[in-house]
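A look at the structure
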Amino acid sequence: MSNDSRPDYYVGIGASAGGLEALQACVKNISLDSGNAYVIVQHLSPDFKSMMPELLSRHTELPILLMTDEMEIEPNKIYLAPARTNVMLSEGKVLLVEQLDSKGAHYPIDAFFRALAEDQQHRSIAIILSGTGSDGSRGIQAIKEVGGLVMVQEPTNAAFDGMPISAIKTGFYDIICDVQEIIGKLTSYTNHTVVSGEKSVLETDTERAEHALKEIYDLLKIKSDIDFTLYKGKTILRRIERRMGINSLDNITDYYAFLLKNPRELQTLAKDMLIGVTRFFRDSEAFIALEETVIPEILKNHTTDDIIRIWVACCSTGEEAYSIAILIEEALERLGLNKTVRIFATDVDPDAIADASLGHYSHNIASDMSEERINRYFIQHDEYYQILPSIRQKVVFATHNLLSDPPFSNCQLATCRNALIYFQPKAQKRIIAMLHFALNQYGYLFLGSSESLGEMSGNFDVVNDRTKIYQKTTSARLITNTIPSLMSIPESNGASPSVNQLISTFQKSQRPSSYTQVYESIIENYAPPAIILSEDMSVLHVFGEVAHFTQKIRSGKFSANLSDLINDSLSTAVTTAVYRAQSKAHNVQYENIQFVDEHGDIRHTNLRVLYISNSKSAQIYYVLLFELVGEFSSPDAEGSDANYAEQRYSQQLIKDLEDALKKKQEHLQVTVEELQTTNEELQSSNEELMAANEELQSTNEELQSVNEELYSVNSEYQEKIEATIQANLDTENIIRSAKLGFIFLDDALLIRKFTQESSDDIFLLPTDVGRPFHHISHSLIYDNFLTDISKVCNSGEPIETTVATKKGRVKLINISPYTDEHGVTFGCVIAITDITDIQRLESKLEAYLEELKATQNNRALMAKEDTIHVLVVDDDEVDVEMITRMLNKETFDPYKYELTIASSFQMGRELLAKEHFDVCLADYKLDAHTGLDLVAGLSDKNKELAFILLSGYLDDIIREKSIELGVYDILDKADINAQLLQRSISYALRHQKTEKFLLQHNETD
């Protein structure tokens, strides 16, 4: 733990339905001195008081606090988020924001994880536990972006797997494990020497460490085709530190060896480097400025024929690109315009581009935008929202590396948000130069809130410095010879289109070659007549004299369609040939086709259709080549009548067929219009059904949210009920074992409950529950029983009294008020205790006490023996002489002392075995023995001997052992005098007589 009062790490724990058991399993494993702070965020109902603090406190000794506004987060404490609030953090202090009332679901876990990531950066940790829905799955992306740790409960181990599965699907997780293992793995990570900062990644062996780091860069380049040396070193090292901590590796050389053996870890590290966190309308203030300032200017200055081009670089999973597409769509509708928009969204991560192209997003994107936008631009499914096809069509996604691939061009807007901060200054400058190149004159640049133009600011005007919106002011080429040519870029094998394919159709056309007239002159003189067609059969270019094969241009609106220009007599052959070339995708040739030219002469021609595919532009072209065959002949010439008649017949037949086809087409058109009308009606019905479905979905979400809250409340109540049942069982067992009678009355003095023991005096049956108490008879001699019960119920003051029963027993009656947690009286409790035996014992004890006092005060009893036989056991003659003199000295005691002297331990034992003595005075030190040894060896004959120990040195051990052996008194030789010695003997004799008295009465009883 750190020395300051701040937590080492801030651990956010998100749980919903079924989360109580998981939370209990977690908190019981948290050590008391981890140094971390733990914040639990749940889906709670404001209509019920949460019992979570009480339920969790049974499993941990850590303090559990309900968060309040401006509360400082401290280490080694657990904090609970209040219901219906979003928890924000500012420098470690709590800011509570009340959730807005809305029909949609709320996502407090996402909101807290984002706030945690923004405030604590890499010191933030997110844990996802059991719960339904997807709350938390977008918040963990923010945790990953700042280098924090994300842990997820194993879905199969969770009561409800919705939240864990949603988190896992994002790919932004570090550890998946059973709930019992989460805290252990968390502790292992936070205590890791590299993660905690105790040890640097570039350890003491700097040369080896730097070599390992270089090799890791090379491995990453091979794996992802990205040169991470251009990224900020601190960012890369922090990502490596995280992975080392998760895998419990202490130095970077070991981690490099681990990468070589584990390709999956290399892939995970590469993905960690490319964490792209975004969301719809991220930094709402910036998007409002874009909506109100930039987009209207782009539409205002845009010509009708041009396409609006926008480049969204580093788009990640596409939220920002779709956000801009939505703003463009709203602006076009607001201004009543119809313009073509192409948004080119690119990213270096092909997996992110694949997700963006799919356009599927979890339900918690509802917190990123208004309910109106959600309903208008997304299609709601059971598990996700899908972007509307009309918005999806505006966006083209492609893989693109800003550091190596060429830029787009002629864009009205280019965005690159929250990506520059990860690059070194040199790479930042290059990227901004590429974005400058991509913009047309006066195009707009949109950067992230933490980014700036740096040295490139002279090439842009500031539109809004707060929201990082700039406008291009110079047309100078800033990246000469730095953009790779298109031919040098290998084609992408991914599912998404490569940037080369996009640029081939997106870049401006090159200037016409100066050799074009030469080419056309050669074709005119040496190539057969030819017509070049587009894929939709429009005439693009004509070579040579084609008047024989085409119709004369009529007055009116001009049509470039082939069917309107080709000679009628060649129409069938040409249409058939082009159709075959189109369907078969290869060249087609017809020979010796007869036709009538513009002068009415019959001619023959060979027809060739060339199928040409442009690999760069993906366009298809058709070239019609006409080659005249032989001499032409007049329709009136000899030998040609039959052929001409036959030809006229064929032409008439064709004309009839064409007329019939036209009628069929007209009929088909009518049918199509009818179908369109029907389709519109069906579409209207479908829209109504969709609206109803959206309402049902919204209601379902509300019900699901309420269900989660009820489940949490139910879990808490279930835990409380179990505790209450256990408490009731404990109480009943205590009452039963104590054999006490209890009767519970309500405020109307009706019987609520009673114990079996109470029925000995109050004649109660099980069927009497609910009856008035005054209906029940009893054996107590207690006239004021009902009156006292009423007094207690009214005053709230207990009454205790002793009464007799008709059976001759004595009962203690205690009448106490029955109160709730607020002290309000709701009836009373009658406790009946049988104290007959206790009273009898008290009477006996009182009698014994009086008799004992009389015995102790009776000197005659104590002095009926005039002479007291004293045995003195002491091996010191001086001490023996002193004791003899003290006992022979006259004092107030009337006793006479007859002394017997034993000068050794052995002599003392022998005298005690043969003779009877009243008192024995023994020295503690007796040769190799002690006076206590003499006491321990007393025979049954002298068990009642009053023993007094004399010693020149006393300590607690001697005193404790003396008391244990029954020594009556202990005297220090240094303090002894005649009066003290005689008083000690008198005390010992009185004590001895009292013990005998009590022993005799005890045997009598």
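Criteria and thresholds
Residues numbered from 1 in each chain as written. Predicted model: local features only at pLDDT ≥ 70, side-chain atom pairs only at ≥ 80, totals over all residues. Heavy atoms only, no water. Helix = DSSP H or I, 4+ residues; strand = E, 2+ residues; numbered from the N terminus. Buried < 20%, exposed > 50% of the residue type's maximum accessible area, 1.4 Å probe, protein only. Contact = heavy atoms within 4.5 Å. Areas by Shrake-Rupley, 256 points an atom, 1.4 Å probe, with all protein chains shown as cover. Pairing = 2+ DSSP bridges. pLDDT = per-residue confidence, 0-100. Phe/Tyr/Trp six-rings, centres within 6.5 Å; stacked < 30°, edge-to-face > 60°. Axes fitted to C-alpha atoms, helices over the stretch in contact; angles between N-to-C directions. Parallel < 35°, antiparallel > 145°, perpendicular 65-115°, else oblique. Left-handed = near helix turned anticlockwise from the far one by under 90°. Nonpolar A, V, L, I, M, F, W, Y, C, P; charged D, E, K, R; others polar.

Going by the annotation in an unreviewed UniProt entry, the name recorded for the protein chain is Chemotaxis protein CheB, with Reinekea marina given as the source organism.

As a further point, take the overall build of the protein chain. Within the protein chain, the secondary structure is distributed over 29 helices and 36 strands. Buried positions account for 44% of the 1005 residues belonging to the protein chain. For the protein chain, restricting intrachain contacts to residue pairs at least 6 apart in sequence, the fraction spanning at least 24 positions comes to 66%. Of the roughly 53600 Å² that the protein chain leaves accessible, carbon and sulfur atoms contribute 50%.

What follows deals with the pairing of strand β29 (residues 825–834). With 5 bridges connecting them, strand β25 (residues 741–745) and β29 associate as antiparallel partners. Its bridge partner being in β29, leucine 745 is matched across the sheet by cysteine 828. As defined by bridge partners, strand β28 (residues 810–819) adjoins β29 across 8 bridges and the pair is classed as antiparallel. Bridged to proline 817 within β29 is cysteine 828. Between β28 and β29, which pair antiparallel and follow one another directly, the connecting turn spans 5 residues, one of which, glycine 823, has a positive phi of 85°.

The sheet built from 3 strands is open, its strands ordered β12-β14-β13 with antiparallel pairing. Each edge of the sheet is formed by a strand with only one pairing partner; in this case those strands are β12 (360–361) and β13 (378–380). Where β12 meets strand β14 (residues 385–387), 2 bridges bridge the pair, whose relative direction is antiparallel. Within the sheet, the bridge partner assigned to histidine 360 lies in β14 and is glutamine 386.

On to the confidence of the model for the protein chain. Low pLDDT marks regions whose predicted coordinates should not be analysed in detail. Within the protein chain, residue pLDDT values average 80, and 83% of them lie at 70 or more. Across residues 480–513, confidence stays below pLDDT 50; counting only partners more than four residues off in sequence or on other chains, it has 55 contacts. For residues 859–864, every residue scores under 50 in pLDDT, and the model assigns this stretch 7 contacts once sequence neighbours within four places are set aside.

In this structure the tally under the stated criterion is 20 aromatic pairs. Aromatic side chains phenylalanine 280 and tyrosine 361 sit 5.1 Å apart centroid to centroid with 80° between the ring planes, which places their arrangement in the edge-to-face category. Here tyrosine 361 lies in strand β12 and phenylalanine 280 lies in the loop between α10 (263–273) and α11 (284–300), a separation of 81 residues in the sequence. With relative accessibility at 5%, the residue tyrosine 361 sits in the buried group. Centre to centre, the rings of phenylalanine 378 and tyrosine 385 are 6.2 Å apart; their planes meet at 65°, and the pair counts as edge-to-face. Per residue, the accessibility class of phenylalanine 378 equals that of tyrosine 385, and both read buried.

A few words now on the packing of α11 against helix α12 (residues 319–335). Between α11 and α12, whose axes approach to 10 Å, the crossing angle comes to 55°. For the element pair α11 / α12, the angle class is oblique. Along this stretch, α11 crosses α12, giving a crossing that reads as right-handed. Contacts from Phe287, Leu290, Glu291, Ile295 and Leu299 of α11 reach α12 at Glu320, Ser323, Ile324, Leu327, Ile328, Glu330, Ala331, Leu332, Arg334 and Leu335. Here the contact of α11 with α12 is composed, by residue class, of 10 nonpolar, 1 polar and 4 charged.

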